[in-house]
Amino acid sequence: MNFATIGSNIVKLLSQYWKVFLIEGLSNTLLLTVIAVSLGALLGALVAILKMSRFKVIRFLISIYIEVIRGTPILLQLYIFVFALPSLLPFLNLSYFTWTAIALCINSSAYVSEVFRSGIQAVDKGQTEAARSLGLSAGQTMRKIILPQAIRNILPALGNEFIMILKETSLASTFFVGDLMTSYLTVKGATYLGFECLIIVGMIYLCVTFPLSKLVSWFEKKMANPNYKKHDHKRKRAVMEGGKV
Amino acid sequence: MEMEMIKTVDLHKSFGSLHVLTGVSETIRKGEVVSIIGPSGGGKSTFLRCLNLLEKPEQGKIYFEGAEITGNLTKEEKHAIKAGTMPKPAKVNIDQHRQKMGMVFQHFNVFPHLSVCQNITLAPTMLKGKTEAEANEMAKELLSRVGLIDKLDEMPGKLSGGQKQRLAIVRALAMEPDVMLFDEPTSALDPEMVGEVLDVIKGLVNTGMTSVIVTHEMRFAREVSDRVLFMAEGNILEQNTPDQFFTNPTHPRLKDFLSKVL
Ligand SMILES: Nc1ncnc2c1ncn2[C@@H]1O[C@H](COP(=O)(O)OP(=O)(O)OP(=O)(O)O)[C@@H](O)[C@H]1O
Ligand SMILES: [Mg+2]
């Protein structure tokens, strides 16, 4: 095996199987990711709101939810959703693809909820105080003052979550759900060119994730909150000492 | 008798085991300009922030324009309600009261995602039913008053500290409050910007605006105040007219403080 043959094999594979890689594999991977992140974001918003609830019991239950999901491997969660749950809920009769999507959704909701929560809590408390002192209610303050600022922290983190989930969908290939990693298994089985297939699939993942991560960091820079100077207390003392009546 | 604007009765506030306000009773009359000075940690900010309930005092009462706003009940009142000899007081809508109390913070807290103009118009359009046009008109007028009219459409990120604080002041004024609360409005400013902000406050109190000003600017306090309060160890230890306050202090803590500061 040498680089020349690998190269020509890759070209051959691409011309013969590009549909398997791109039309089936990549599109399923993107579909899974979009479903997981968008529904995960909705669910995550709900989880974040509950996590900031004024009721201790709710906060406690939600933190268990978050800890369990973030503290166990995503592959284990996939097993539970694809193998265990269908036998517990046989009347549901959903496809592996759907169960995988649900599992990824739930997984992403836990991470995204933390993204929302920390994004909101990163907004200076003085903003809330200023808004409330003008007479805005808590809800009005959240809508008009906090969320518009939190979104600058939240969007880049959501982009990163998208990239993470996109890579993690590869685990779903364990169940042959037709994602990009599944297409590797398919083509390798047909051609026995495992290494070449890996290179191709890896390149495709990179072609998606690299521009995305560049986009995220561009966005981060653009959205960076104008950093307020943190004020020193030395000055106050200087003013006090220097001030004459 | 002049009308009472804000009256506190035996106000207590603790943070955990730290007893920060130890029963403050004070009355601010309509049109009065009151400065509060005192050592760091003495409870000045906490007192001021209790007045519009940014901090909730766990005991004591605050009357704002005659209405009790804390909802705190004395032991006797609790008994009376239980016995049915006193009706349960209606729930206080603090948002309503806050509209009438402007507050200016040490760190400005202007809204960075809104333009200078929107900073001013947001609350009046949302809460006072002002139309965009009316609010914009008012914003222009207020900004001209503090020399910021050319910044109308800028984002606050581009303003200097002194400009941000002037904006914060007119943002509060746009709600047409009955009283203004200032918490060290110049302490976070570069020295060369202190004057411009003090001038704006001076102009404001000269219009008769009732004001409570926590400050370390002694000369300013002496110049603009009708009354100066000395706050330390969680209470008001001395108060007087500015001349008496600075020339004839009686409380040893105040004497000590002034000797260090002046
Ligand atoms: N949110 C809070 N949680 C816990 N402790 C607090 C809180 N706010 C104030 N304190 C404490 O209460 C005490 C009084 O604080 P306060 O800010 O009222 O003092 P101050 O007179 O305004 O002082 P300074 O001149 O430094 O502003 C301080 O010991 C402070 O550490
Ligand atoms: Mg203070």
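The preceding data block contains the structure.
What comes next is a walk through the structure.

Rules behind the numbers
Starting afresh in each chain, residues are numbered from 1 along the sequence in its written order. Labels are handed out in written order, letters beginning with A for the chains and numbers beginning with 1 for the ligands. Where local features are concerned, this predicted model is filtered to residues with pLDDT of at least 70; where side-chain atom pairs are given and counted, the filter is 80 or more; whole-chain, interface and lining totals use all residues. The basis for every side-chain value is the complete set of heavy atoms in the structure, and neither hydrogens nor water enter the calculation. Going along the chain from the N terminus, every DSSP run of H or I of four or more residues is numbered as a helix, and every run of E of two or more is numbered as a strand. Note on method: radius of gyration uses C-alpha positions; expected globular size equals 2.2 Å times residues raised to 0.38. For each residue, the accessible area found with a 1.4 Å probe, counting protein chains only, is set against the maximum for its type, and the residue is called buried under 20%, exposed over 50%, and partly exposed in between. In what follows, a contact means two residues having at least one pair of non-hydrogen atoms within 4.5 Å. The protein chains shown are the only cover counted for residues, whose accessible areas, like all others here, come from Shrake-Rupley with a 1.4 Å probe. Whether two strands pair comes down to DSSP finding at least two bridges between them. Whenever a helix is involved, its axis is fitted only over the stretch in contact; in every case the axis is a line through C-alpha atoms, and angles between N-to-C directions fall within 0 to 180 degrees. The patches described consist of residues with a relative accessible area above 30% and no salt bridge, like charges being joined within 9 Å and nonpolar side chains (Val, Leu, Ile, Met, Phe, Trp, Tyr) within 5 Å. Salt bridge, as applied in this entry: a Lys or Arg side-chain nitrogen positioned within 4 Å of an Asp or Glu carboxyl oxygen. When at least one non-hydrogen atom of a residue lies within 4 Å of a molecule or strand, that residue is treated as near it. Residues adjacent in sequence count toward polar contacts only when both atoms are side-chain atoms; beyond that, a polar contact is any pair of N or O atoms within 3.5 Å, and within protein one must be able to donate a hydrogen and the other to accept it. Nonpolar cores are built from buried Ala, Val, Leu, Ile, Met, Phe, Trp, Tyr and Cys residues. Side-chain atoms within 4.5 Å join them into one set. Joining two parts hides part of their accessible area as seen by a 1.4 Å probe, and the buried area is that hidden amount summed over both. Pairing of aromatic rings covers Phe, Tyr and Trp, the last through its six-membered ring, and needs centres within 6.5 Å; plane angles under 30 degrees mean stacked, over 60 mean edge-to-face, and all others mean tilted. Charge-over-ring placement is defined geometrically: NZ (Lys) or CZ (Arg) within 6 Å of the ring centre, and within 35 degrees of the ring normal.

Let's shift gears to the overall build of chain B. Secondary structure assignment for chain B yields ten helices and ten strands. At 19 Å, chain B has a C-alpha radius of gyration in line with the 18 Å of a compact globule built from 262 residues. A principal-axis box enclosing the C-alpha atoms of chain B has dimensions of 60 × 50 × 40 Å. By the burial criterion, 57% of the 262 residues in chain B qualify as buried. In chain B, the proportion of contacts linking residues at least 24 apart, taken out of those at least 6 apart, comes to 65%. As displayed, chain B has an accessible area near 11200 Å², and 50% of this comes from carbon and sulfur atoms.

All right, on to the sheet that holds strand E7 (residues 179-183) of chain B then. Residue and element names in this part refer to chain B. If you trace the six strands from one edge of the open sheet to the other, you get E6-E7-E8-E3-E9-E10, paired in mixed fashion. Single-partner strands in this sheet number two, and they are strand E6 (101-104) and strand E10 (235-240). In this sheet, adjacent strand axes meet at a mean angle of 20° when their direction is disregarded. Helix-sheet contacts for helix H10 (residues 252-261) involve strand E3 (33-37), strand E9 (227-232) and E10, and the interaxial angle to E9 is about 100°.

Our next topic: a nonpolar patch on the surface. Residues and elements named next belong to chain A. A cluster of nonpolar side chains, Val-57, Phe-60, Leu-61, Ile-64 and Val-68, forms an exposed patch at the surface whose accessible area comes to about 490 Å². Tracing the chain through its elements places Val-57 in helix H2 (residues 56-71). Judged by its relative accessible area of 58%, Val-57 is exposed.

Let's shift gears to the site of ligand 1. Neighbouring ligand 1 are 14 residues, the closest being B:Ser40, B:Gly41, B:Lys44, B:Ser45 and B:Thr46. Chains contributing residues near ligand 1 are chains A and B. Interatomic distance of 2.9 Å between a side-chain N/O atom of B:Lys44 and an oxygen atom of ligand 1. Within the side chain of B:His216, a nitrogen or oxygen atom sits 3.5 Å from an oxygen atom of ligand 1. Taken by itself ligand 1 offers 630 Å² of open surface, and the protein chains cover 63% of this.

Further remarks concern the nonpolar core. A:Ile145, B:Ile6, B:Phe47, B:Phe111 and B:Leu181 are the most contacted members of the largest nonpolar core, which has 49 residues in total. In terms of residue count, helix H6 (residues 138-168) of chain A provides more of this core than any other element does, five residues in total. Listed in part, the 38 residues of the second largest apolar core include B:Val104, B:Leu142, B:Ala188 and B:Val224.

On to the interface of chain B and chain A, then. Taken together, the contact pairs 41 residues of chain B with 30 residues of chain A. For the pair chain B and chain A, the summed buried area comes to about 3200 Å², and 61% of that belongs to carbon and sulfur atoms. Per-residue buried area on chain B facing chain A is highest for B:Pro112, B:His113 and B:Met126; these three make up 17% of the total on that side. At the boundary of chain B and chain A, one finds two salt bridges. Taking the shortest distance from any N to any O, the salt bridge between B:Arg49 and A:Glu129 comes out at 2.8 Å. Put simply, the parts of the chain that give the side of chain B that touches chain A at least two residues each are helix H3 (94-98), E6, helix H4 (116-127), helix H6 (161-173), helix H8 (218-224) and H10 of chain B. Counting residues per element, the side of chain B that touches chain A draws most heavily on H4(B), at four residues.

Residues and elements named next belong to chain A. Residue placement: Thr-209 occurs in helix H8 (residues 194-223). For Thr-209, a relative accessible area of 12% corresponds to the buried category. Leaving out residues up to four positions away in the same chain, Thr-209 has contacts with Ile-163, Leu-166 and Lys-167.

To continue, consider the pairing of E3(B). Residues and elements named next belong to chain B. In terms of burial, E3 is a largely internal element, five of the five residues being buried. Of the two faces of E3, both are covered, the one formed by Val-33, Ser-35 and Ile-37 as well as the one formed by Val-34 and Ile-36. In this structure, E3 lies alongside E9, joined through four bridges in parallel fashion. For Val-34, the partnering residue across the bridge sits in E9 and is Arg-227.

Moving on to unusual backbone geometry. The backbone of A:Tyr192 shows a phi angle near 60°, a positive value even though the residue is not glycine. For A:Tyr192, the position within the fold is in the loop between helix H7 (180-191) and H8. In this model, B:Asp10 sits at a positive phi of 50°, which is unusual for a non-glycine residue. Note that B:Asp10 resides in strand E1 (residues 4-15).

Turning our eyes to something else, we now look at the packing of aromatic side chains. Under the defined criterion, the tally for this structure stands at seven aromatic pairs over all chains. Ring geometry for A:Phe83 and A:Phe175: centres 5.2 Å apart, planes at 80°, overall edge-to-face. Taken as a pair, A:Phe83 in helix H3 (residues 74-88) and A:Phe175 in the loop between H6 and H7 lie far apart in primary sequence, 92 residues in all. On the accessibility criterion, A:Phe175 (5% relative accessible area) is buried. Ring geometry for A:Tyr96 versus A:Phe175: centroids 6.2 Å apart, planes at 80°, classification edge-to-face. Of the two residues, A:Tyr96 sits in helix H4 (residues 96-121) while A:Phe175 sits in the loop between H6 and H7, which places them 79 residues apart along the sequence. Every member of this aromatic cluster is reached through a ring pair, and the members are A:Tyr79, A:Phe83, A:Tyr96 and A:Phe175. Lying over the aromatic face of B:Tyr63, B:Lys7 brings its terminal NZ or CZ to 5.8 Å of the ring centre.

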